[in-house]
Amino acid sequence: MGGATHRSNGLNSRRSFIRLVGGGAVLAATGSLTGCSAELPEVALQPWRNPDRESDIRRFMLAHALLAPNPHNLQPWMADLREAGRIHLNCDGERLLPETDPFGRQILIGCGAFLELAVIAAAQRGVSAKVELFPNGAPADRELPKGSRVATLVLGEPGSAPADPLFAQIVRRHTRKSAYASDRVLPETLLRSWDETAIRFGLRSGVATGAAAMDPIRRITREAYEIEATTARTWLESARVMRIGPGAIAANPDGISLNSPMVRALHTVGLFDPMEVPVKGTSSLQRVMDRWVPFETASGVRWLASPDNTRGTQVASGRAYVRAHLLATAAGVDMHPLSQALQEFPEMRGPREALHQTLGLTTAGQTLQMLSRVGFATEARGPSPRRSLDALIRT
Ligand SMILES: Cc1cc2nc3c(=O)[nH]c(=O)nc-3n(C[C@H](O)[C@H](O)[C@H](O)COP(=O)(O)O)c2cc1C
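All figures in this text were calculated on a predicted structure; none of them were measured in a lab.

Engineer: Can you lay out helix α5 (residues 211-230) for me, pointing to particular residues and giving the numbers?
Structural biologist: The end-to-end C-alpha distance of α5 is 28 Å, a good match for the 28 Å that 20 residues give at a rise of 1.5 Å each. Every buried residue of α5 is listed here: Ile217, Ile220, Thr221, Ala224, Tyr225, Ile227, Glu228 and Ala229.

Written out as structure tokens, the structure is:
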């Protein structure tokens, strides 16, 4: 989905524009119409503040894991702590994206990122955490049943793991969705460490740079965005998880948060309707497409691909993705996934196949798991909302 280029509030909306009743659209986060603040409610940011304060090792792990990147910020995870020395991670069946992610591939990538941060956090306390994937069996390829058990983390003895240098980046990592500088070069050492990380998880990665390599990708991702925006059920899936204004964000610190004064004012007087689907050939769609423009700014486009597309590979992709993002954060580099063209709903088939072709992923089974623009965000943005630790724990 689009991304939050126009949010002034550090939020991670994939669609940050607002469509007005009657077909108009406005930026969601520019200007200050009312003089009120675009700051996010503190309660929604609290989980970022001090996850280190948790003394219990499993709570410490989860307090860091819940900061993982995940599709639409739905935070699709539940942790079962009823068995000592273990964390059972279940996928929250109420937090899936059946239209844009019909097979649950992206949801499992988010769960993989969650697991990796949990492992890194355990190591910070000198404890190993073994990941036992799908202890009840892997879900079928095309359906992620509600409440699927994704993994069990089995904790080792004290002193069983060395600290991971990426730990310090967990609270610093954010998906920045503003325009990126177009004239800055990515550090060579970072490119190498991205490749090594992918290989460590049985994956491959690469970075397309320069107009000749990036332009075809830009064309495909733009077309994919338009398809997602004009397909009613995929558009509405996003609209339904929008949280507008501090009250809604505090009540539901997840999904797509819209908090600019302008949006709130228009919403209050009933002047926009996020449920109105853009129509091809109208100026309202054009305005929607204008919101995509900053997403074409970057130093490069990083891809992460796998030789197959098993459920285990999808989780591994999430682990590798978040490590790459932490490495980027340490190097002062930003990373922003653009996932539309990777999605598996039928209308997206053309762009998905074209993208695989363009990236040379033509062997049967090879799957593009993540595509992200990478570079240097021109605006500093803060964290996105998170649900509280207690909201995801079952004891
Ligand atoms: C599998 C996956 C797909 C994603 N796809 C997109 C995307 O298409 N557009 C976008 O703006 N953000 C995308 N994101 C980033 C999420 O929006 C972001 O991680 C989430 O809002 C939480 O924000 P944070 O990463 O700053 O903590 C994706 C993240 C994951 C893990």
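Engineer: Tell me about unusual backbone geometry, and please be specific about residues and values.
Structural biologist: Backbone geometry places Asn73, a non-glycine residue, at a positive phi of 50 degrees. Along the chain, Asn73 falls in the loop between α2 (57-65) and β3 (77-80). By C-beta crowding, Asn73 is classed as buried, having 26 other C-beta atoms within 10 Å. Here the phi dihedral of Phe134 falls at roughly 40 degrees; this positive angle occurs in a residue that is not glycine. Here Phe134 shows up in the loop between β5 (127-133) and β6 (149-158). Given 16 C-beta atoms within a 10 Å radius, Phe134 is considered partly exposed.

Engineer: Hey, could you go over the sheet that holds strand β13 (residues 393-394) for me, with residue numbers and the actual values?
Structural biologist: Pairing within the open sheet is mixed, and its five strands lie in the order β5-β6-β4-β3-β13. This sheet does not close on itself; its edge strands, each paired only once, are β5 and β13. Here six bridges tie β5 to β6, and the two strands are oriented antiparallel to one another. Along β6, the bridge assignment pairs Lys130 with Val154. Packed on one face of the sheet, α2 meets β3, β4 (86-91), β5, β6 and β13 and runs near 35 degrees to β4. With respect to the sheet, helix α3 (residues 105-124) is in contact with β3, β4, β5 and β6, its orientation differing from that of β5 by roughly 155 degrees.

Criteria and thresholds
Residues numbered from 1 in each chain as written. Predicted model: local features only at pLDDT ≥ 70, side-chain atom pairs only at ≥ 80, totals over all residues. Helix = DSSP H or I, 4+ residues; strand = E, 2+ residues; numbered from the N terminus. Expected span 1.5 Å × (residues − 1). Buried ≥ 20, exposed ≤ 12 C-beta atoms within 10 Å, placed from the backbone. Pairing = 2+ DSSP bridges. Contact = placed C-beta atoms within 7 Å. Axes fitted to C-alpha atoms, helices over the stretch in contact; angles between N-to-C directions.

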